[in-house]
Structure formats: C-alpha cells, structure tokens
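Overview (structure and organization)
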Amino acid sequence: DGNAGFTGSIPESLSNLRFITALNLAGNSLSGTIPPALGSFSQLKLLDLSDNDLSSTIPPQLGKLYGDLEVLNISMNNLSGQIPSHLSQLQGASVNLNGNSKLLNP
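As a starting point, this report considers the structure included with it. Counting restarts for each chain, with residues numbered from 1 along the sequence as it is written. The model is predicted, so local features are restricted to residues of pLDDT at least 70 and side-chain atom pairs to those at 80 or more, both for listing and for counting; the totals for chains, interfaces and linings are taken over all residues. As a rule here, side-chain values come from all non-hydrogen atoms in the structure, and water together with hydrogens is ignored.

1. Topic: the sheet that holds strand 3 (residues 29-32)
Threshold: At least two DSSP bridges between two strands are needed for those strands to be called paired. Each helix is a run of H or I in the DSSP string that is no shorter than four residues. Each strand is a run of E no shorter than two, and both are numbered from the N terminus.
Read across the open sheet, the 5 strands follow the order 1-3-5-7-9; overall the sheet is parallel. Of all strands in the sheet, those bounded by a partner on one side alone are strand 1 (7-8) and strand 9 (102-104). Pairing of strand 3 with strand 5 (residues 53-56) involves 2 bridges; the strand directions are parallel. Pairing of S31 across the sheet is with D53, part of strand 5.

Written out as structure tokens, the structure is:
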C-alpha cells in the first residue's frame, strides 16, 4: 500500500530521479495527468499509480520503460482515450489498466 496521503498532481520534478527502481504512489488522491517524463526512468522495475484520480490519456513515453519494467499498474483512475499501442512493447511486464472505464482498445 503506497498511501502516503499525497494530493494534487504528480510533480514533473520526479523526472530528476531517473535511477530509481520503484515508484509506488498507489492509493493516494493524486489528480491531473501522468507526466511523460516517467518514461525516462530507465531502471524502473515497478510503477504503481493505481487507485488515484489521474485523468487524460496514457502518455506514449511509458512505452520506453520496456527494459527492466516488471509491473505497470495504472488501474482505478479516470484515464481516457485510446490504449496506446506502445504498451505492447512492455513484453514480460504485468500491465494493469483495469478500472479506467473511458479507455478504448486500439
């Protein structure tokens, strides 16, 4: 459980932490969009942004996480639009998009 009581948007300044291996912000009250800069975390194994209030589309930059990524969980948000085809590059990773009723299959 990543709940730390965070509110507001995910800060772009997180992109300065390029060598982290896990980012778990699940179960907070985060809103706004998923910052495209998260796609530059080349050593990331786990990205969990589930159970927040994130909206808009999934940034195509997340497809760049295909190296070491094992888990991408962006379920239970308010994401919308087309599910990007770049997520198919995340072979071997567990990708959870459930609970985003406005997402459309490609």
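2. Regarding the pairing of strand 3
Two elements, strand 1 and strand 3, share 2 bridges in a ladder whose sense is parallel. Along strand 3, the bridge assignment pairs T7 with S29.

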